[in-house]
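# Examination of the molecular architecture
These are the residues of each chain, in order.
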Amino acid sequence: MPTATQPPQPIQLLDLPAQHAPILGELEAVLHHALKEAAFIQGPAVQQFTRELSHYLGGPHVVPCANGTDALQLALMALRLPPGAEVIVPAFTYVATLEAAAVLGLVPVPADVLPGTFNLDPQAAAAALTPRTGAIVAVHLFGQCADLEALRSLANQHGVALIEDNAQAIGATFQTSQGETWVAGTVGEVGTTSFFPSKNLGGFGDGGALFTRDEARATYLRQLANHGQDRKYHHAHIGLNSRLDTLQAALLRVKLPHLPAWTAARQHVAARYDAALADVPGLAVPARDPRSTHVFHQYTLTLPNDRPGRRDALQQHLAAHGVPSAVYYPLPTHLQPAYAHLGYRAGQFPVAERLCRTVLSLPIHPTLSDEQVAYVVTVVRAGCLSGTGGS
C-alpha cells in the first residue's frame, strides 16, 4: 500500500502553538494584566481559577498546587498514614504515582492492569491488599476512568482510602450501576491533576491541583501546600512550598472555557482513527469502558506480542513518513531501577509488561485536521499491512 514520503502538512504529536493561536490575544491580555498587577504569589487569579474549575467539575473543593507530583504527595500526606504503610498503585503508569508514596516513607505496591483499558485491575488490587494497606491509587490512564465503582467499593470494604490520579482524564465521567454520574477526580478521598503543558488542560509551565468533597480535608490540604500554615507565620503542620503561580492561574482561566470543545475535537480524531484502523489485522485500537467517557489524552494502539520489535518497527516506519509517535511507557513501574529494592521480578505483572512492549500512541490534539488524520491512518495501515508493524 503506497504512501507519500511526507505528510502534506507537518504533523505534531501535540501542537500547542496551533491550539493557542485562536486565543493568543486573550492570553497576552491576561499576562499583561498579571504583570501589571504584580501579585505573583496567591494573586486574585488563583482563587478565581479554583472557583471556575470547581464549577466545571461539579462542585468539589479545589486546592491548587505547584505540579501534579506534588498533588499526589499532598494527597497522601493528608491521609496521615504511618511510615511503612502500603499504597497500591498500577504497574503500568508514570513513575510519579510511585514516587509520591516512596518519598513519604510509604511502600508502593504495584498491581496489574486490565489489558483493554490499561487501568488498574480491581481484582489485582484486591489481591494486593494486606493489613498494612493504607490507600489505593487509581490512575485514569490516557483519558478514561478506571473502574471507579469497583475500586470505591473495594476501598470502602477494607477501610482504606481511594486516591485518584486524574492528570490525564480531566472532565471524564463514570456512570455507575445505580445510574449516578461520577466526575473523574471527585470520587476518592482526594483526586489530583496536573497542568503540565501537554495535558488536556495544560498551563505554560508546571502546575497542579487537588480535589475533595470534604471541607475539612480541603482546609488541611491548603495548609499542607503552604508550609503547613493555618495563618501566616503560624505553622500547624509540616508542609510543602507548593503553590500555583498567579501567572499560571490567569492563563489557565483563559483555557478552561475552551476545554469542552477541545475534548470534543480529540474525541472526533479518535473516532476517525477507530473507523479506519479497527479492521487492521494484528492491531488493536483503544478499548472503551462503556461506563466511562474518554477524553483522549492519548490515543494508544497495541500491537501483537508474538514478534519482538514489531512495535518499534512500526514506530520507525511512521517516523520515516513524517508521523511522530510515542511509547507511554517503555518500562513497567516494578522494573524501574529506583524501585529494585521492592524486590519485584520480571513476569510478576504480565499485562503491564506486555503493554510496555506493545503500546504505541499516535498524534492526537484538538487542531489535528481530517487531512492529517487521513494521512496518519494511511501510513499506519501501510506499515501494518506490509508486515512492518502488523501481521
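The structure this text deals with has already been given above.
Now for a look at the structure at hand. Predicted model, so just to flag it, every value in this text is computed and none were measured.

The next thing to look at is the pattern of salt bridges. If charged atoms from side chains of opposite charge come close, those side chains can pair. In this structure the tally under the stated criterion is ten salt bridges. A salt bridge links Arg-291 to Asp-289; its shortest N-O distance comes to 2.8 Å. Residue Arg-291 is classed as partly exposed on the basis of its relative accessible area of 31%. Overall, Asp-289 belongs to the buried group, its relative accessible area being 10%.

Under the defined criterion, the tally for this structure stands at twelve aromatic pairs. Where Tyr-328 meets Tyr-329, the ring centres are 6.0 Å apart and the plane angle is 70°; that geometry is what we call edge-to-face. Tyr-328 gets classed as partly exposed once you look at its relative accessible area, which sits at 23%.

Another point: the sheet that holds strand S8 (residues 190-194). Taken in spatial order, the seven strands of this open sheet run S1-S9-S8-S5-S4-S2-S3, and their pairing is mixed. Two strands in the sheet have a free side with no partner beyond their single neighbour: strand S1 (61-65) and strand S3 (107-111). Put simply, the sheet's adjacent strands are angled 25° from each other on average, direction ignored. Bridge analysis of S1 against strand S9 (residues 208-212) gives five bridges, and the strand direction is antiparallel. Of the residues in S9, the one forming a bridge with Cys-65 is Gly-208. Here helix H3 (residues 44-56) sits on the sheet and contacts S1 and S9; the angle it forms with S1, its principal contact strand, is near 135°. Relative to the sheet, helix H7 (residues 148-158) contacts strand S4 (133-139) and strand S5 (161-165), its axis offset from that of S5 by approximately 150°.

Here we come to the nonpolar core. By size, the foremost hydrophobic cluster in this structure holds 45 residues, and its most contacted members are Leu-74, Leu-76, Val-87, Phe-92 and Leu-210. Looking at this core, the elements with two or more residues in it are S1, helix H4 (68-77), strand S2 (86-90), helix H5 (96-102), S4, S5, helix H8 (215-225) and helix H12 (350-358). Counting residues per element, this core draws most heavily on H4, which supplies six residues. When near neighbours in sequence (up to four residues on either side) are disregarded, Leu-210 contacts His-61, Val-62, Val-63, Cys-65, Ala-71, Leu-74, Ala-75, Val-190, Gly-191, Thr-192 and Leu-221.

Conventions used here
- Residues numbered from 1 in each chain as written.
- Predicted model: local features only at pLDDT ≥ 70, side-chain atom pairs only at ≥ 80, totals over all residues.
- Heavy atoms only, no water.
- Salt bridge = Lys/Arg side-chain N within 4 Å of Asp/Glu carboxyl O.
- Buried < 20%, exposed > 50% of the residue type's maximum accessible area, 1.4 Å probe, protein only.
- Phe/Tyr/Trp six-rings, centres within 6.5 Å; stacked < 30°, edge-to-face > 60°.
- Pairing = 2+ DSSP bridges.
- Helix = DSSP H or I, 4+ residues; strand = E, 2+ residues; numbered from the N terminus.
- Axes fitted to C-alpha atoms, helices over the stretch in contact; angles between N-to-C directions.
- Contact = heavy atoms within 4.5 Å.
- Core = buried A, V, L, I, M, F, W, Y, C linked by side-chain atoms within 4.5 Å.

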